[in-house]
Amino acid sequence: MVALNEVGAEKAVEELVKVDLTTTSVRELNAELHAPTARRYEVHNPRGAEAIAVGLHDAVDVEIHGPAGYYCAGMNMHADIVVHGNVGTGVAENMMSGSVRVKGDASQSAGATAHGGLLVIEGSASMRCGISMKGVDIVVGGDVGPMSAFMAQAGRLVVCGDAGDGLGDSIYEARLYVRGSVASLGADCVEKEMRDEHVAELTELLARAGMSHDASEFRRFGSARQLYHFAAHNSAAY
Amino acid sequence: MCGIVGLHLKNPALQPELGRLLVPMIEAMTSRGPDSAGLALYDDEGMHVVKDVGLPRDICAAHGIASRSGYQAVGHTRMATESAITPEHAHPFTPVPDLALVHNGSFSNHASVRRNLAFDGITCTTDNDSEVAARFIGREIAGGADLEDAMRMVLKEFDGFFTLLVTTATQFAVLRDSFACKPAVIAETADYVAMASEYHALAELPGIADARIVEPEPERVYAWSR
Amino acid sequence: MIDPTQAGLRESATFDRATIASIQRAAETGVYDIRGWGAKRAVPHFDDLLLLGASMSRYPLEGYRERCDTDVVLGDRHASNPLHLDIPITIAGMSFGALSAQAKEALGRGATEVGTSTTTGDGGMTPEERGQSKNLVYQYLPSRYGMNPDDLRSADAIEIVLGQGAKPGGGGMLLGQKISDRVAGMRTLPAGIDQRSACRHPDWTGPDDLTIKILELREITDWQKPIYVKVGATRTYYDVKLAVAAGADVVVVDGMQGGTAATQEVFIEHVGIPTLAAIPQAVQALAELGLHRKVQLIVSGGIRTGADVAKAMALGADAVAIGTAALIALGDNHPRYADEYAKIGSAPGFYDDYQDGRDPAGITTQDPDLAKRLDPVEGGRRVANYLRVLTLEAQTLARACGKAHLRNLEPEDLVALTIEAAAMARVPLAGTSWIPGQNF
């Protein structure tokens with residue numbers, strides 16, 4: 001593997017750079033990814049390290065081979081990042097664009113506050129998946145934990161398995177699609193009709209995420225919009 | 001506010017390796033708790049507790065943790081919030097024989113529980129909120145409760161944020177509060193159950209790539225017995 | 001109508017007229033009162049402290065002729081590009097949404113003219129603000145409304161907000177009247193809704209997780225930007241220690257007099273501690289870590305005059321931040337709007353309905369016609385003037401105490417007028433050597 005300090009800035013753009021996190025620091029990796037000298041990167045031996053591949057803003061491909069820790073791919077813009085393993089808290093938090101694909105499971109707050117891009121979790125996601133999401137598309141192959149899509153403002157959350165308690169609590173205009181069971185709905189979240197445009201957008205999302213399920217197997221949830229304004233009769237929901 | 005690790009060995013062949021496996025786990029939690037650290041190790045002679053101020057690496061070296069054997073251990077790295085940095089304030093808290101508790105989080109009603117315990121004649125020796133939980137569980141167990149039941153009682157009595165790992169001579173149990181904000185990950189193989197605040201504390205364990213990785217659900221007791 | 005006092009009627013101290021009005025209001029609406037501003041009750045404050053000017057035992061400096069420097073460096077603990085400010089008086093975080101775009105621009109213009117920083121708020125960074133602010137601090141809040149990594153990279157510092165003095169433990173609010181199309185667009189919310197922000201960050205809780213969050217923000221910004229941590233003053237000693245442990249370059253402590261755009265009245269008046277009580281706790285925490293003046297302390301909440309600035313710095317602050325006072329400098333609560341305040345049931349000196357967007361001064365509003373009343377260039381000039389006066393006043397007092405730099409003011413330059421202030425500020429009661437709680 002190439003040590004990063006051997007890759008000079010004046011050097012021609014490499015096709016593929018391999019980085020071993022047993023010999024290269026996360027700081028060196030991120031510095032390289034912020035001013036990339038290659039189009040593709042492979043990261044080996046992440047061993048759950050925090051803040052891997054955060055703050056990227058160029059259209060590069062990054063493949064992380066192994067489990068990553070907190071905030072992997074945080075605030076991603078334009079880059080396409082794949083993790084071959086599990087990820088810790090806050091994967092792709094506040095992503096703006098590009099894509100992040102997790103081949104394993106994700107811990108809490110996956111895709112938190114993300115404004116755009118596509119987050120695919122092939123396994124399951126823990127609590128608070130899509131918390132305060134602001135436009136991102138999240139597709140989860142397995143289940144999502146309790147309080148997912150809490151205060152979700154915009155974007156789509158697709159759950160191919162089951163959803164835990166309190167789904168979509170205090171949701172705004174995000175759209176939620178669940179194929180399996182929903183343990184319970186949070187305040188102001190209700191089931192809504194699957195109209196043709198919803199089947200169409202879900203079909204397109206599933207295809208982009210590489211999921212083979214039929215859109216007709218899903219139910220749609222969204223905001224009842226009863227908590228949009230302060231009112232005395234809502235006091236129990238506050 | 002802290003880092004937690006724990007290891008419960010199912011395969012007796014690993015027992016000579018307990019300390020060697022544990023040291024990198026607790027060292028990986030240094031940034032979560034650089035003030036002090038502590039460990040409880042269980043072998044056939046009983047529970048052995050080490051608590052000290054300083055970095056986990058130095059404490060493990062000073063007490064020869066890497067060469068210890070045994071069947072179960074918990075470890076804790078501490079970032080003190082509202083109580084002093086002393087060995088006595090370090091985790092684990094071990095109020096009754098063979099019981100060890102490590103905690104990550106912050107109880108919001110520990111002063112009230114502390115007063116209730118005092119009324120029953122159970123006095124805490126530090127102002128640490130985690131000690132209150134340890135003495136509470138100790139009282140339940142001394143009264144004949146199973147560890148799992150004692151931990152479910154914590155859910156009724158305590159408010160706030162917590163991930164708890166509690167061990168007895170025979171049991172290893174994990175519990176998170178209803179918000180489950182404080183992190184926890186459990187890895188299980190045929191050879192062991194391992195628990196930590198973050199995955200990277202588990203990354204060096206043998207066979208971790210094939211372990212079943214679980215993130216504990218809120219308000220559910222996860223327990224293993226030997 | 002009779003004059004109640006002339007008629008010998010007695011008003012209850014417990015149930016005074018404001019209390020009676022609030023009970024009546026609650027009974028009519030069934031919803032708690034939401035308002036702007038900070039705590040209005042009287043609490044021990046900088047007015048309860050006095051400076052000991054030089055005479056025989058100490059030597060004063062000549063006003064206007066001998067230097068009294070005012071510059072401050074913020075964030076040089078870990079950041080490669082710390083902030084260098086000409087004066088230690090900054091503009092606190094106030095959102096576009098709470099304030100009009102013109103007001104935000106005016107604050108940026110004023111701060112830039114005198115070489116200090118201004119701060120974004122809930123809802124993100126506007127181009128007007130970035131364009132007119134030489135030093136702009138980007139707030140990182142629980143809601144993450146408008147949170148954009150490009151803005152993070154364009155900021156001069158990052159302020160992670162755990163809370164503010166007006167509502168420690170509470171989330172932000174912005175009522176529907178102020179969620180205009182532009183505000184809604186920046187926050188990804190439906191226009192016109194009553195916005196309730198989160199009180200905790202969505203992806204971390206506590207100092208152990210904050211350590212990792214700060215690491216992520218440093219990685220994203222290549223360790224260039226100073227990272228502040230802002231807390232509302234409550235358990236300040238512990239919170240400052242933990243902010244430092246988590247890796248903060250600068251700690252911002254906001255006392256209970258600190259303002260807000262919209263919060264429950266009960267929260268504003270009943271949660272948190274006075275600024276005066278918070279500073280010694282924060283300084284003690286930093287001193288015990290050996291980091292006083294290495295991790296800088298910014299104090300806010302009720303700063304009005306150069307005397308307040310000098311006293312805060314003497315107690316150990318490296319800089320102060322102003323919010324409410326800056327709005328007043330822009331024209332908030334100006335008597336010229338007396339008739340218009342009357343139309344909305346208020347009066348100059350009493351107006352605190354920042355939440356409802358009908359501000360006659362055009363500051364705390366999103367109404368385009370009202371907002372037009374504030375010319376950002378003229379507003380900027382007023383803010384700059386006010387900041388200059390604060391600085392000159394603080395320098396005057398520092399010179400009188402014999403200091404060639406504001407930061408050389410120290411607690412030993414202060415005495416207290418009341419026992420309460422002496423106990424909170426940990427300085428002796430005037431004319432005695434008695435610091436309540438420290439020596440008996």
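Structure first, text after, so check above.
Within any chain, residue numbers begin from 1 and follow the written order of that chain's sequence. Numbering of ligands from 1 and lettering of chains from A proceed in the order in which they are written. The model is predicted, so local features are restricted to residues of pLDDT at least 70 and side-chain atom pairs to those at 80 or more, both for listing and for counting; the totals for chains, interfaces and linings are taken over all residues. Values reported for side chains reflect all heavy atoms of the structure, with hydrogen atoms and water molecules removed beforehand.

The term salt bridge refers to a pairing of a side-chain nitrogen on Lys or Arg with a carboxyl oxygen on Asp or Glu at a separation within 4 Å. A complete count under the given rule lists 62 salt bridges over all chains for this structure. For Arg304(C), the salt bridge is made with Asp308(C), and the minimal N-O distance between the two is 2.8 Å. Residue burial is assigned from relative accessible area. The probe radius is 1.4 Å, only protein chains are included, and a residue is buried under 20% of its type maximum, exposed over 50%, and partly exposed in between. Arg304(C) gets classed as partly exposed once you look at its relative accessible area, which sits at 34%. Classification of Asp308(C) by relative accessible area gives buried; the value is 0%. Notably, a salt bridge pairs Arg373(C) with Glu340(C), separated by 2.8 Å at the nearest N-O pair. Here Arg373(C), found in the loop between α13 (368-371) and α14 (376-400), pairs with Glu340(C), found in helix α12 (residues 338-343); they are 33 residues apart in sequence, far enough to count as distant. Residue classification places Glu340(C) among the partly exposed positions, given a relative accessible area of 27%. Connected through salt bridges with shared partners, the residues Asp137(A), Arg156(A), Arg175(A), Glu201(A), Glu204(A) and Arg208(A) form a single ionic network. For helices the rule is a DSSP run of H or I covering at least 4 residues; for strands it is a run of E covering at least 2, with both sets numbered from the N terminus onward.

On to the environment of Pro92(B). All names here are of chain B. Tracing the sequence through the fold places Pro92 in the loop between β4 (72-78) and β5 (100-107). Take Pro92: its relative accessible area is 0%, and that puts it in the buried class. Once the C-alpha coordinates of Pro92 and Val50 are considered, the two residues, 42 residues apart in sequence, prove to be 8.5 Å apart. Once residues within four sequence positions are removed from consideration, Pro92 is found in contact with Gly38, Leu39, Ala40, Val49, Lys51, Val74, Ala100, Leu101 and Val102. Contact between two residues is taken to exist if any of their heavy atoms lie within 4.5 Å; hydrogens are not considered.

This part is about the nonpolar core. In this text, buried Ala, Val, Leu, Ile, Met, Phe, Trp, Tyr and Cys residues form a nonpolar core when linked through side-chain atoms within 4.5 Å. Within the largest apolar cluster, 98 residues are counted, with the highest numbers of intra-cluster contacts made by Leu49(C), Ile91(C), Val253(C), Leu315(C), Ile322(C), Leu330(C) and Leu387(C). Among the elements that take part in this core, helix α9 (residues 275-288) of chain C stands out by supplying eight residues, more than any other. For Leu49(C), the contacting residues outside a window of four places in its chain are Leu276(C), Lys311(C), Leu315(C), Leu414(C), Val415(C), Ala416(C), Ala421(C), Ala425(C) and Val427(C). By size, the runner-up hydrophobic cluster in this structure holds 53 residues, among which are Val60(A), Val62(A), Ala68(A) and Met95(A).

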